[in-house]
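Descriptive analysis of the structure
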Amino acid sequence: MAQRKSFYITTAISYPNGAPHIGHAYEAIATDALARFQRLDGKDVFFLTGTDEHGLKMIQTAQKEGVETHVLASRNAGRFRDMDDRFGISYDRFIRTSEEQHHRSVQEVWKRMQANGDIYLDSYAGWYSVRDEAYYAEDETVVGDDQVRRGPQGTPVEWVEEKSYFFKLSAYQDKLLKLYEDQPDFIGPDARRNEVISFVKGGLKDLSVSRTTFDWGVKVPGDPEHVMYVWVDALTNYITGVGFPDESDANWHYWPADVHVIGKDIIRFHAVYWPAFLMSAGIPIQKRVYAHGFLFNKGEKMSKSVGNIVDPFNLADQYGVDQVRYFFLREVPFGSDGSYNHEAIVNRINADLANDLGNLAQRSLTMVAKQCDAQVPAHGEFSEADKAMLAMADGMIAQARSAMATQQIHQALNAVWAVVAEANRYFAGEAPWALAKTDPARQKTVLYVTAEVLRQVAILAQPAIPASAAKLLDILGVAADARDFAALPTRIVPGTKLPAPAPIFPRYVEPATD
Ligand code: ME8
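Just so it is clear, the structure is predicted and the values come from calculations on it, not from any experiment.

Criteria and cut-off values
Residues numbered from 1 in each chain as written. Predicted model: local features only at pLDDT ≥ 70, side-chain atom pairs only at ≥ 80, totals over all residues. Heavy atoms only, no water. Helix = DSSP H or I, 4+ residues; strand = E, 2+ residues; numbered from the N terminus. Rg over C-alpha atoms; globule rule 2.2 N^0.38 Å. Buried < 20%, exposed > 50% of the residue type's maximum accessible area, 1.4 Å probe, protein only. Areas by Shrake-Rupley, 256 points an atom, 1.4 Å probe, with all protein chains shown as cover. Near = heavy atom within 4 Å. Polar contact = N/O pair within 3.5 Å; in protein donor to acceptor, adjacent residues only side chain to side chain. Nonpolar A, V, L, I, M, F, W, Y, C, P; charged D, E, K, R; others polar. Pairing = 2+ DSSP bridges. UniProt positions renumbered as here; feature names shortened; annotations may be inferred. Axes fitted to C-alpha atoms, helices over the stretch in contact; angles between N-to-C directions. Parallel < 35°, antiparallel > 145°, perpendicular 65-115°, else oblique. Left-handed = near helix turned anticlockwise from the far one by under 90°. Contact = heavy atoms within 4.5 Å. Phe/Tyr/Trp six-rings, centres within 6.5 Å; stacked < 30°, edge-to-face > 60°. Lys NZ or Arg CZ within 6 Å of the ring centre and 35° of its normal. Expected span 1.5 Å × (residues − 1). Salt bridge = Lys/Arg side-chain N within 4 Å of Asp/Glu carboxyl O. Bend = angle between axes of the 7 residues up to and from the residue.

When helices and strands are tallied, the protein chain shows 18 helices and 17 strands. Against the 2.2 N^0.38 benchmark of 24 Å for 514 residues, the protein chain shows a C-alpha radius of gyration of 26 Å, consistent with a compact globule. C-alpha atoms of the protein chain, sized along the principal axes, occupy 90 × 60 × 40 Å. Looking at the protein chain as a whole, 55% of its 514 residues are labelled buried. Element-wise, carbon and sulfur atoms account for 51% of the exposed surface of the protein chain, whose accessible area totals about 21,400 Å².

Laid out in structure tokens, this is it:
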């Protein structure tokens, strides 16, 4: 058998300085949908996620809470993992940057960058944002009405002056610009690509890559007074996750990653610093970085002070896991910012899932159960309407493949739900309930076509709503080994015994208030 093509996909690793919020869940869900899609499409997928446990932000939060930093990290890393498990995130490895292997990995990258002549000792004097864990040039900061100086993301910056190792980022300006030119799909979406190119064209300064005022982090090889800058450490997780520094590891063949999925606020680290570090260390660079947008609660930025941070566990309890997954993936064009509120979520659940897909499955399969001996009916000759319906369903996979290749998850779902909408029109137009008496053979053909369309829809809906799609495939009598994309052209088999059609997508009903 030919070797399967590999596909390596990652999320950002989150700071476990607090509990996961809906932004974290969103990134995990979207990356999971992309990973599941490629798996169903026959690829050998490796999906990495995890937690970024070093840095000043972690130290300061731990101090505020009166706990040791490693205790805070372990407690919250567990909650991130629980969130992934709650949302059915199909990761292959959950990495924690406090792992011993990761320390060795980062030190090896450092040694290679040093051997390449890109690391030197000097002293740093400049602005640092603890919240972004980022250094900013003076002209990137502004002093607001509140007299607080802030960086480009709006977070406060503080003056830092200390002895530090530097990475010769300035030496990589031309190489990076060439990379963006030679590989136009290295950064997506386009708006982010343009932003990165203009940042790099503006000139790159050498980067401070160590600190001496704390010791929570990865020690600089040969100079343990220094702890590495958290982003050198964090970005390296993507290679640690597949075995580095052991290049004989069974998973190392997955590198370079096919896509790093991240939020738009950390594009600079992934599209500028990371490829520069890799070039310096002589390691192949990732193929692509894709930045999604930010989620806003009723249009407002989530913040602890506004008190509108939404707990993803509560959303899952209130609406259901697949319902939440579907809502965010369908509602928010992947790459753009998105707003969410209760009404919008309920509307999607009730319209798209309960009515359009759920009711169609219920009505058609109940008819099959009652009037076709509970087995997939045999079809007669197909009418023009049947052929058009089947052709539209057959066309979904090509649309979904091309959308998913550029992370346009919403477009893949649009293609699937366009077929669901058409199937509803087809079903209403053919009125198979009326055909039971007048033309039973024709009724069987209509029910066959409907079942076949539902089968393809369910197969293609799996990346977004895995548990519900599995239930739908169960009631369509589709065998467990016939649920991947290779099975799409096979057609549902007449005579297959079907179980009773249990309802799959409950309507959302407002809880009683008294
Ligand atoms: O940035 N909407 O960690 P993090 C959508 N440790 N996405 C959001 C979001 C929101 N409201 N808020 C955050 C870090 N995110 C680093 C990453 S990777 C080597 C190191 C996204 O916990 C954010 O853009 O602050 C990022 O991709 C991820 O959640 C983790 O954010």
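This part takes up the site of the ligand. Around the ligand there are 24 residues in total, and Ile13, Glu27, Asp52, Gly263 and Asp265 lie nearest to it. In the model, a nitrogen atom of the ligand is placed 2.8 Å from a nitrogen or oxygen of the Ile13 main chain. Taking Gly263, its main chain carries an N or O atom lying 2.9 Å from an oxygen atom of the ligand. Compared with its free state, where it exposes 660 Å², the ligand has 93% of that area covered by protein. Put simply, the parts of the chain that give the shell around the ligand at least two residues each are α1 (22-40), α7 (230-235), α8 (237-240) and β14 (259-263). Taken together, the residues of the shell around the ligand break down into 12 nonpolar, 9 polar and 3 charged.

Turning to the sheet that holds strand β5 (residues 134-136), a few remarks are in order. In space, the 4 strands of this open sheet follow the order β5-β4-β8-β10, with antiparallel pairing throughout. Taken across any chain shown, the strands that pair with only one partner, and hence form the sheet edges, are β5 and β10 (207-208). Sheet topology places strand β4 (residues 119-129) next to strand β8 (residues 158-167); 10 bridges connect them, and they run antiparallel. Paired with Gly126 across the two strands is Val160, which belongs to β8.

What UniProt calls "short sequence motif: 'HIGH' region" (unreviewed entry) maps, in this numbering, to residues 14-24. Strand forms 0% of residues 14-24 and helix 27%; the C-alpha atoms that close the span are 7 Å apart.

Viewed as axis vectors pointing N to C, helix α15 (residues 409-430) and helix α17 (residues 440-461) meet at an angle of 165°, and their least axial separation amounts to 10 Å. The pairing of α15 with α17 is recorded here as roughly antiparallel in orientation. In the packing of α15 onto α17, the handedness of the crossing is left-handed. Contacts from Val416, Trp417, Val419, Val420, Ala423, Tyr426, Phe427 and Glu430 in α15 reach Arg442, Thr445, Val446, Leu447, Val449, Thr450, Val453, Val457, Leu460 and Ala461 in α17.

This part covers the packing of aromatic side chains. Taken as a whole and assessed by the stated rule, the structure comprises 33 aromatic pairs. On the numbers, 4.7 Å between centres and 50° between planes, the contact of Tyr326 with Trp417 is tilted. Highlighted residues: Tyr326 in helix α11 (residues 321-331) and Trp417 in helix α15, separated in sequence by 91 residues. On the basis of relative accessibility, which here comes to 0%, the residue Tyr326 falls in the buried class. Among the aromatic residues, those joined into a cluster by ring pairs are Tyr8, Phe46, Tyr238, Phe244, Trp252, Tyr254, Trp255 and Trp274. Here Lys175 stacks its cationic end above the ring of Tyr172, 4.8 Å away from the centre of that ring. When the ring centre of Tyr128 is taken as reference, the NZ or CZ atom of Arg211 above it lies at 4.9 Å.

Its 19 residues place the ends of α1 26 Å apart at the C-alpha level, agreeing with the 27 Å of an ideal helix rising 1.5 Å per residue. The buried count for α1 comes to 17 of 19 residues, which makes it a mostly enclosed element. Looking one or two places after α1, you find Gly42, whose phi comes out positive at around 90°.

Under the defined criterion, the tally for this structure stands at 31 salt bridges. Between Asp92 and Arg39 there is a salt bridge, with the nearest N and O atoms lying 3.9 Å from each other. Taken as a pair, Asp92 in the loop between α3 (69-86) and β3 (93-96) and Arg39 in helix α1 lie far apart in primary sequence, 53 residues in all. A residue is classified by how much of its surface remains accessible, and Arg39, at 28% relative accessible area, is partly exposed. Put simply, Arg330, Glu331, Arg348 and Asp352 are held in one network by salt bridges that share partners.

Quick look at helix α12 (residues 342-371) now. Where α12 bends most, the angle comes to about 40°, and this point is Gly358. Regarding α12, its N-cap is Asn341, as a side-chain oxygen of that residue lies 3.1 Å from the backbone nitrogen of Glu343 further along.

What follows covers the environment of Leu48. As for its position among the elements, Leu48 is in strand β2 (residues 44-51). Among the residues examined, Leu48 registers a relative accessible area of 1% and is labelled buried. Residues Leu48 and Ser383 lie 335 residues apart in sequence; the distance between their C-alpha atoms is 48 Å. Setting aside residues up to four positions removed in sequence, Leu48 forms contacts with Tyr8, Ile9, Thr10, Thr11, Arg93, Ile95, Asn237, Tyr238 and Gly241.

Moving residue by residue along a regular strand, the side chains alternate between the two faces of the sheet. Along strand β15 (residues 289-292), one buried face is formed by Val289 and Ala291 and the opposite face, lined by Tyr290 and His292, is buried too. Across 2 bridges, strand β9 (residues 187-188) lies against β15 in parallel orientation. Note on β15: the bridge partner recorded for Gly188 is Tyr290. By the bridge criterion, 4 bridges tie β14 to β15 in an arrangement that is parallel. Residue pairing in the sheet places Val261 in a bridge with Tyr290 of β15.

Now for unusual backbone geometry. As a rule of thumb, non-glycine residues mostly have phi less than zero, and peptide bonds are mostly trans rather than cis. The omega torsion across Phe244 and Pro245 is 10°, close enough to zero to call that bond cis. Take Pro245: it is sitting in the loop between α8 and β14. With phi around 70°, Gln147 is a residue other than glycine that occupies positive phi space. Summarising the element assignment, Gln147 is placed in the loop between β6 (142-143) and β7 (149-150). Exposure remark for Gln147: the relative accessible area of 64% places this residue in the exposed category. Phi is positive for Arg491, which is not a glycine, with a value near 70°. Mapped onto the elements of the fold, Arg491 is located in the segment after α18 (466-475). In this structure Arg491 comes out as partly exposed when scored by relative accessible area, which is 25%.

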